[in-house]
Amino acid sequence: MSKKVNEMFSDISPKYDLLNNIFTFGLHKKWKKELLNISTDVGGGRVLDIASGTGDIALLFAKQNYKVTALDFSEKMLEVLRKRVRGSGRGLAQRIEIVQGDALNLPFDDNSFDIATIGYGIRNVDDPRKCLREMARVVKKGGLVLILETGQASGVIGMLNKFYSSCLMPLMGNLFARNYSAYKYLSDTAGNFPYGTEFTQMMRETGIEEGLQMRKVFFGVSYIYWARVS
Ligand SMILES: C[S@@+](CC[C@H](N)C(=O)[O-])C[C@H]1O[C@@H](n2cnc3c(N)ncnc32)[C@H](O)[C@@H]1O
């Protein structure tokens, strides 16, 4: 499965950012900024952005002077990030380290980071619980685990979003990235992945529960979850 997911993201990598902007009307940038705002009380330090892809979250943190490691298993997605870093000036390049690796077997020592983030990545890994355990392992005691993932809105917004993501997204994915199945996969996984209290329960089961909180983003279309490592 992970090989297929890697190939899929590699295939859509050149158009990934464009389609994210189209699908969310640019709002995903605002949602990612919320991760940064939640982190302010940690006050700097080392951040690991897992499933970093083209690096939106990694870049946000690096621009705020955090020292960031961006990890993804798709070399092609990371290549887009490398180009973005090169285009952003020297200061930023010194604050971002880019690592190809697996979210389920992080190539870092225990207690290495102050913060670990994963944005729209945990639903794509084969074993989300293992990924959470890996996040907790590499974060120092008292550090922060932060997750941004799709959820489901209720009522009319939920119905509209379901239609939008299950019908329009794959068609637009085909139109702009010539890849219907990738965007069908992304929409299907968004529709099936646990969210809200079901996801916080998963976090608790992996021992990530100190100060555990969640926040709905845009009526629940996405959720942010965060907790301290104890
Ligand atoms: C939907 S993208 C999210 C990218 C970025 N975090 C963002 O919010 O725009 C999911 C990313 O997860 C990566 N990914 C999926 N499974 C992975 C794994 N086991 N290890 C590392 N990266 C993985 C994919 O290569 C892809 O870049």
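Along every chain, residues carry numbers that run from 1 in the direction the sequence is written. pLDDT decides what is reported in this predicted model: residues at 70 or higher carry local features, side-chain atom pairs at 80 or more are listed and counted, and totals for whole chains, interfaces and linings draw on all residues regardless.

1. Things to note about helix α9 (residues 197–205)
- Exposure classification rests on a simple neighbour count of other C-beta atoms within 10 Å of a residue's own: a residue reaching 20 or more is buried, one at 12 or fewer is exposed, and one in between is partly exposed. C-beta atoms are placed from the backbone. Every helix listed is a DSSP run of H or I at least four residues long, and every strand listed is a run of E at least two residues long, numbered separately from the N terminus. Among all positions in α9, only F199, T200 and M203 are buried. Seen from one end, α9 has its buried residues packed into an arc of 100 degrees, which puts them on one side. Exposed residues on α9 whose side chains face more than 90 degrees from its buried face are T197, E198, Q201 and E205.
- Distance between backbone-placed C-beta atoms decides contact: two residues are in contact if it is within 7 Å. The inward-facing, buried residues of α9 contact α6 (128–138), β6 (210–217) and β7 (222–228).
- Looking one or two residues beyond α9, the residue adopting positive phi is G207, at roughly 85 degrees. Here, the arc refers to the directions that run from the helix axis to the C-beta atoms.

2. Here we look at the site of the ligand
- Near the ligand, the surroundings consist of 21 residues, among which A51, G53, S74, A103 and G119 are the closest.
- Grouping the amino acids of the shell around the ligand by side-chain chemistry returns ten nonpolar, eight polar and three charged. Using a C-beta atom placed from the backbone, a residue is described as near a molecule or strand when that atom lies within 6 Å of it. We call Asp, Glu, Lys and Arg charged. Ala, Val, Leu, Ile, Met, Phe, Trp, Tyr, Cys and Pro are nonpolar, and the rest, Gly among them, are polar.

3. Observations concerning the nonpolar core
- Membership of the largest hydrophobic core comes to 62 residues, with the highest contact counts inside it found for A58, A116, M135, V139 and V145.
- Discounting chain neighbours no more than four positions away, the residues touching A58 are D49, S52, V68, A70, L81 and I96. Nonpolar cores are built from buried Ala, Val, Leu, Ile, Met, Phe, Trp, Tyr and Cys residues. These are joined into a set through C-beta atoms within 7 Å.

4. Observations regarding the sheet that holds strand β4 (residues 113–119)
- Two strands pair if DSSP finds at least two bridges between them. Ordered by their spatial adjacency, seven strands build an open sheet running β3-β2-β1-β4-β5-β7-β6, and the pairing between neighbours is mixed. Two strands bound the open sheet, and with one partner strand each, they are β3 (96–100) and β6. Adjacent strand axes in the sheet meet at a mean angle of 15 degrees when their direction is disregarded.
- Relative to β3, strand β2 (residues 67–72) runs parallel, the two sharing five bridges. Following the sheet pairing, D72 is matched in β3 by Q100.
- With respect to the sheet, helix α4 (residues 75–86) is in contact with β2 and β3, its orientation differing from that of β3 by roughly 165 degrees.
- As a rule, the C-alpha atoms of each element are fitted with a line to give its axis, helices using only the stretch in contact, and angles between N-to-C directions run from 0 to 180 degrees. The strands touched by α6 within the sheet are β1 (46–50), β4 and β5 (139–150), with β5 carrying the most contacts at an inclination of about 145 degrees.

So, to be careful, I would describe these as geometric facts and stop short of saying anything about function.
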